[in-house]
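Structural features, examined
What follows is the residue order along each chain.
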Amino acid sequence: MAARGNTGPKPNGSAQGKICQFKLVLLGESAVGKSSLVLRFVKGQFHEYQESTIGAAFMTQTVCLDDTTVKFEIWDTAGQERYHSLAPMYYRGAQAAIVVYDISNQDTFGRAKGWVKELQRQASPTIVIALAGNKSDLASKRMVEYDEAQTYAEEHGLLFMETSAKTAMNVNDIFLAIAKKLPKSGGPGPGGDAGSSATGRRITEADNQPSSGASCCK
Amino acid sequence: MDGSATFVELDRSVGPGCSEVSILDPNESSFYDFVSDEEVTERKQEEPCEDSEDSSDNPEDVDAVSEDERVVRSLRERDKLVFILSEAGKPIYCRHGSEEKLVSLFGLMQALVFCVQDDDDQIKSITAGAYRIAFLNKGPLIFVAVSRRGETPGQLALHLGYAQSLIVSVLTAAQLKKIFEQRRNYDLRKLLGGADRLMDNLLDGLEQDPAYLLGAVSCLALNPSVRDSISDAIVRHCAKLKNLVFAILLADSQLVTLVRMKKYMLHPADLHLLINLVASSESFKLSESWTPICLPRFDANGFLHAHVSYLADDCQACLLLLTVDKDQFFVLSEAKQGIVQRLRRYKCLEAINRAMKNGGYTMQDVNIPEIRHFLYKARPTAQYTAPLFSAPYDDSYEKDRLLALYHRMHQRMLLPGSQRHLKLVYVVGKYECLLCWVTAFFELYAAIEPLVEKEAVIPRVEKLLNWIKSEESRLFILTSTTF
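Everything quoted here is computed from the prediction, not taken from an experiment.

1. Side note on the pairing of strand E2 (residues 56-65) of chain A
- Counted residue by residue, E2(A) has nine buried out of ten residues, so it is predominantly covered.
- Between E2(A) and the antiparallel strand that follows it, strand E3 (residues 68-77) of chain A, lie two residues; Asp66(A) among them carries a positive phi value of about 50°.

Structure (structure tokens):
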């Protein structure tokens, strides 16, 4: 994605606590619940019949971590195969990714592994990747064992949680875990699309985008 | 397709690219055949009466019926079906059913297309009893419509053409061609995932919405000064953006304004695809979206990138900014914020909300009691206006019947392939009379009380035209705005 118009940290203002902005992308097979996770995280909503995403949807949400405010710029991508070639546009320059699969569908776990591989090869080397086994409320239809996924995540250095957008289980937690793991120091250069820098952009209140409408600090 | 067919006519073109030879169904001579009393009762009795003639319907035989046959039978309950398959016969889509279970039916359709093609010819339509089956073989795909709703082959061809455009809008013609050149047997459903709801919505719209029939769009009724302010806000924030081709504001599937790059026009058929995209995607309301979309009339081989967002939580009009630059999301996002702020400052959001809440006008507002309903298309701008459907067309059956009448009249008046291009037609029917009038500037289709004297009709219609003229600046976009 191209750079935003107003960028770069302002020289003062960091005394009241830092504000960091991170680009996060969700990837995974279609119908695993990527949009539902984002919707639960950003708006606290869940729709039983969430329609398939067209292209990609962009939302922002802010979380507070100790004295740091972390603003996520979230790209929720469509899982259909025809959009696959567009994915690099979204994970390029992303500091974090959530790769989602559906615990009741083994194929989607295989596809998630494919995304992890692609991210580790093509995305920023310092990208924080979280693996989300979504639809954990469907335990009776489970096809992917918790241990199997956890072992895989450990081997590949991923954060891992089973989530349920429906019950809200672990949804905020996985975003918070990512926020904790992201580096909050170091000054990214001005002029900044996060670009190749894997560090979040520090901004001040004055620099805040008017766009998000997201409520701060849930 | 229908085993009980007694009368089958093949309607072929007389060589590649030739205009269609219209072989009319003998029943079609009356406009009112399909709304005859018998048909009404048949509909009310629902379908069993039709199938009961079928001997295999006896309970003890049910198990003997193959799965295929059972699925085909469930399809027969529908008035209209649309199928899409690849030239290799692979199922791609079926309206009202699972294409998966219809493999042999798709094989039959493929065979019909190719056996006619072997004679250097093209199959256009088949008439089988009450059913009309239309074919469109375009590129690597075959489109088939089966209907007993009384459409003409020309109308069904129009519908299939839209279905084809929708697939191109998702994939581009170039990509479609390439896929099948590489693998003739490719299962296209893999690439169309999630597009089903766009297709379902489009096919429903083709039956319900006169916009498709007229090749026109309807505009949200607004005072011209408000519309100008809206266009102006868009121009102010977008004029300097390179590569932005179209900016379109929609409200309830109606056009609020359209701003375009000077050298490009937006074809109504492309606009219909965009309107369909927005109308079938509730999720656009939740966030800003960024999606590639191909507009087949603009460029069938390339994608535009669309920034799609609703103006605000308190104003449900949808703004589409279409660019050729795939990296412009944030630039467009910022432009959108600017547009919304300006619209808010100039109280345009309220004006849009008020117009949306009004929801249009009724024939009572027009105040010509003899006229029950009409469609009016301004031909130079491809915009149309129509009142809301009020009594007696406020129930869905009557509304469908009127729309079908408009469809047929339109076909007779205008569509290529019909033998006559008429200027004025007046049809006296059992339930209403229809007046259709086509000039270089407008098309008018009006449903008139059946008891009105013929001589009284023209003055009423002139009164209607005067009313439209007086409301013109609200109902239509009269000036075209460019960046």
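2. Some thoughts on the packing of aromatic side chains
Residue and element names in this part refer to chain A.
- Applying the stated criterion to the full structure yields 25 aromatic pairs over all chains.
- With centroids separated by 5.9 Å and ring planes inclined at 70°, the aromatic side chains of phenylalanine 72 and phenylalanine 175 adopt a geometry described as edge-to-face. Residue phenylalanine 72 is found in strand E3, and its partner phenylalanine 175 is found in helix H5 (residues 171-181); the two are separated by 103 residues along the sequence. Per residue, the accessibility class of phenylalanine 72 equals that of phenylalanine 175, and both read buried.

3. Remarks on the confidence of the model for chain B
Residues and elements named next belong to chain B.
- When the pLDDT values of chain B are averaged, the result is 85; 85% of them are 70 or greater.
- Per-element confidence in chain B is highest for strand E14 (residues 383-385), whose mean pLDDT is 98, and lowest for helix H1 (residues 37-44), whose mean pLDDT is 33.
- Predicted confidence for residues 1-62 stays below pLDDT 50, and this span has 113 contacts to residues more than four positions away or in other chains.
- Both confidence scores are given for the complex: pTM 0.85, ipTM 0.83.

4. Section: the packing of helix H8 (residues 196-208) of chain B against helix H11 (residues 268-279) of chain B
Residues and elements named next belong to chain B.
- Look at H8 against H11: their axes get within 9 Å of each other, and the N-to-C directions meet at 115°. Of the two elements, H8 crosses H11, and the hand of that crossing is right-handed. Residue-level inspection shows Leu198, Asn201 and Leu202 of H8 in contact with H11, the latter providing Asn276, Leu277 and Ala279.
- The class makeup of the residues in the contact of H8 with H11 is four nonpolar, two polar and no charged.

What counts, and where the lines are drawn
- Residues numbered from 1 in each chain as written.
- Chains lettered and ligands numbered in written order.
- Predicted model: local features only at pLDDT ≥ 70, side-chain atom pairs only at ≥ 80, totals over all residues.
- Heavy atoms only, no water.
- Buried < 20%, exposed > 50% of the residue type's maximum accessible area, 1.4 Å probe, protein only.
- Helix = DSSP H or I, 4+ residues; strand = E, 2+ residues; numbered from the N terminus.
- Pairing = 2+ DSSP bridges.
- Phe/Tyr/Trp six-rings, centres within 6.5 Å; stacked < 30°, edge-to-face > 60°.
- pLDDT = per-residue confidence, 0-100.
- Contact = heavy atoms within 4.5 Å.
- Axes fitted to C-alpha atoms, helices over the stretch in contact; angles between N-to-C directions.
- Left-handed = near helix turned anticlockwise from the far one by under 90°.
- Nonpolar A, V, L, I, M, F, W, Y, C, P; charged D, E, K, R; others polar.

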